Amino acid sequence: MKDQKNRHTGKEKADFSRRDFLKLSKNIAVGAGVAGILPSMIWLEDGVAAIPVSEGYLLVDTKKCQGCMSCMLACSLVHEGEENLSLARIQVVQNSFERFPVDLTISQCRQCTEPACMEACPTGALHIDTKHGNIRTINEEECIGCMECVKACPFMPGRAIYNDKKEKALKCDLCADTPYWDEPGGPGGKQACVEVCPVGAIKFTKDVPKQKGDEGYVVNLRGRSWRRLGYPRR
């Protein structure tokens, strides 16, 4: 905390469906090379396909984050059984040459409405998990380790990462599949990063964030007590 202080200086449903479904004609979808994700699509009238949006998202407050990396360690632990920052699906990136608030960023998977990583996967291993709220996730058994999903992620750092030991890609699944954690995860359960964050800088929501830019995913989770400490209101 001390270090952080020093750094100071009816209609809705209809609109939601139109905005958040990626619609493609069957021919266009195949021609665009997304045939691998077709099984996850919902086919509508006239050969139009829609990718269902995820029912869960992670929001972060980078000004509230203290950079302890507990979220990264917890993520790796519940998924891989070891505390390894390189295996965390959420990433806290700090730049000691910058000043607050641009000295720290949190990079979480955005569960994109139009997931480039899923379109790039040649095997369909990266798919929509309809059993867990349509999250975009990787079937490890089907992943061939080609890293196309890692390359396709349009954000920096990429939200899909690579496990050198297993030679498989990794990606946030909102803790839907955590072999080393007994709590139920996914959109209807808990997320280890949210649970372990000591200052509440990570929040789960079912509402689809604004997709363009970071505004929808980087939010203000600070209450009145944080303003008393000198943290900015916005």
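Residues numbered from 1 in each chain as written. Predicted model: local features only at pLDDT ≥ 70, side-chain atom pairs only at ≥ 80, totals over all residues. Heavy atoms only, no water.

Some words on the environment of C149
Thinking step 1. Tracing the sequence through the fold places C149 in helix α6 (residues 148–152).
Thinking step 2. A C-alpha to C-alpha distance of 8.1 Å links C149 and E119, two positions 30 residues apart in sequence.
Thinking step 3. Filtering out sequence-adjacent residues up to four positions away, C149 remains in contact with C117, A120, L126, A160 and A169. (Helix = DSSP H or I, 4+ residues; strand = E, 2+ residues; numbered from the N terminus. Contact = heavy atoms within 4.5 Å.)

Considerations on the side chain of K171
Thinking step 1. With respect to the helices, strands and loops of the structure, K171 is situated in the loop between β10 (168–170) and α7 (192–196).
Thinking step 2. As a buried residue without a salt bridge, K171 has its nearest oppositely charged side chain in D173, at a separation of 8.0 Å.
Thinking step 3. Polar side-chain contacts of K171 include one of 2.4 Å to the backbone oxygen of R136.
Thinking step 4. In contact with K171, other than residues within four places in its own chain, are R89, C109, Q111, C117, L126, R136, T137, I138 and R159. (Buried < 20%, exposed > 50% of the residue type's maximum accessible area, 1.4 Å probe, protein only. Lys, Arg positive; Asp, Glu negative; His and termini not counted. Salt bridge = Lys/Arg side-chain N within 4 Å of Asp/Glu carboxyl O. Polar contact = N/O pair within 3.5 Å; in protein donor to acceptor, adjacent residues only side chain to side chain.)

Remarks on the nonpolar core
Thinking step 1. By size, the foremost hydrophobic cluster in this structure holds 24 residues, and its most contacted members are C71, I90, V92, I106 and I202.
Thinking step 2. Put simply, the parts of the chain that give this core at least two residues each are β4 (57–60), α4 (70–80), β6 (104–107) and β11 (202–205).
Thinking step 3. Of the residues forming this core, the biggest block, 3 residues, is contributed by α4.
Thinking step 4. Ignoring any residue separated from it by four or fewer positions in sequence, one finds V92 in contact with C65, G67, M69, C71, M72, L104, T105 and I106.
Thinking step 5. Counting 12 residues, the second-largest nonpolar core is a separate cluster that includes L126, I128, A160 and A169. (Core = buried A, V, L, I, M, F, W, Y, C linked by side-chain atoms within 4.5 Å.)

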